[in-house]
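What the coordinates show
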Amino acid sequence: MDLSDRPRAHLGVWPTPLHDIDGLWMKREDLSGFGFGGNKVRKLEFLLGAAIARGQSRVVTFGALQSNHVRATAAACARLGLRLEAVAVQAVPRADDDYTASGNAFLTELYGATRHVVPDDEAASALALELMAEHGDDLAVVLPGGSDRIGTLGHVDSALELYGQLEFDPHEVVVAASTCGTMAGLVIGLAAAEVDTVVRGVCVSHSREQTEATLRDLLAQTCDELGVPVPDDDRWVLDDSQFGDGYGIPSEAGLRQIRRLATTTGIALDPVYTAKAYAALPSDPELRRRTVFMHTGGGPSLFAYRNDLV
Ligand SMILES: *Cc1c(COP(=O)(O)O)cnc(C)c1O
């Protein structure tokens, strides 16, 4: 599968390392090398590459107040000379300064985005329509999480890169699943590489049913974009065992994993995504050896959750 003729903005440092740590293999997308890292950087290379190829100079995107995606988009727009309208939705029931003003919220402003804080998705859509009317074709709309048929190509790329680094076929690749672009890209890329591996998506934002609908739609659209068949259903599973109280609300099991990994390896997980995915990993050492954990980043949101952790 060749992605080399696609418009792509160069932002990250590739390949990200694959580390043998804590009894498993960890793909370090947290070290993607730009704008505090994480899994959004690869998506943005394709999304903003396409926007620039269309001649657009302004971007709107959306996310929670502590969105890693919005922060990474702000950094990318700064680098590429694009203006970002960042729509920050009050999706998590937190009004304290740590949550509303530190971590990703702070970084998004530091990177020079215009930040609009709105109460809910309805207000976010209304504002998006206003901005579209005002800026017309000059405005690129980047969907939440950067997950559409173009952004997902970023993780077809990470799957192919991972395949090149592996010396065995993993039993599972485990990844947090929210807007599903990361998971869908991995499923498509690993299927194209004909690796006999199941991608386990750990639901952190929506119910298993809703996440499945999102995933299926994105698989279909991205395969259409690439002109390849949709991978079989047995190439992925969705796991809602760590969903807990929902998006942005830390779980006890996740917080335990953050503290344990921080104090034994110096690696930081985040409470919203990676800690919950980490808590879904197998404990059996044999199985763990054949598991790849996709570390998708999220470190900056730790500052918003410091009181939950220490
Ligand atoms: C956005 C994000 C995810 C989820 O990726 P999706 O492609 O939206 O499913 C996982 N981990 C972190 C740290 C993220 O910021």
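Note that this is a predicted model, so its numbers are computed, not measured.

A general feature of soluble globular proteins is that nonpolar side chains tend to end up buried together. Counting residues in hydrophobic clusters, the biggest one holds 31 residues, and the most contacted among them are M183, L186, V199, L215, L219, W236 and L238. When contributions to this core are tallied by element, the ones reaching two or more residues are helix 6 (153-165), strand 7 (172-177), helix 7 (181-192), strand 8 (198-203), helix 8 (208-226), strand 9 (236-239) and strand 10 (291-295). Not counting residues within four places of it along the chain, the set of residues in contact with L219 comprises A184, V187, I188, V230 and W236. In this structure, L24, V204, L261 and A275 belong to the second largest nonpolar core, which totals 28 residues.

The next thing to look at is the packing of aromatic side chains. Tallied over the full model, the rule gives four aromatic pairs. Taking 6.1 Å as the distance between ring centres and 45 degrees as the angle between the ring planes, the aromatic pair formed by W25 and F168 counts as tilted. Of this pair, W25 sits in strand 2 (residues 24-28) while F168 sits in the loop between helix 6 and strand 7, and the two are 143 residues apart along the sequence. Among the residues examined, F168 registers a relative accessible area of 25% and is labelled partly exposed.

The next subject is the packing of helix 1 (residues 40-53) against helix 2 (residues 68-80). Interaxial distance between helix 1 and helix 2 falls to 10 Å at its minimum, and their mutual angle equals 45 degrees. Viewed along their axes, helix 1 and helix 2 adopt a mutual orientation that is oblique. Crossing of helix 1 against helix 2: the hand is right-handed. On helix 2, the residues that touch K40, L44, L48 and I52 of helix 1 are N68, H69, A72, T73, A76, C77 and L80.

Definitions and limits used
- Residues numbered from 1 in each chain as written.
- Predicted model: local features only at pLDDT ≥ 70, side-chain atom pairs only at ≥ 80, totals over all residues.
- Heavy atoms only, no water.
- Core = buried A, V, L, I, M, F, W, Y, C linked by side-chain atoms within 4.5 Å.
- Buried < 20%, exposed > 50% of the residue type's maximum accessible area, 1.4 Å probe, protein only.
- Helix = DSSP H or I, 4+ residues; strand = E, 2+ residues; numbered from the N terminus.
- Contact = heavy atoms within 4.5 Å.
- Phe/Tyr/Trp six-rings, centres within 6.5 Å; stacked < 30°, edge-to-face > 60°.
- Axes fitted to C-alpha atoms, helices over the stretch in contact; angles between N-to-C directions.
- Parallel < 35°, antiparallel > 145°, perpendicular 65-115°, else oblique.
- Left-handed = near helix turned anticlockwise from the far one by under 90°.

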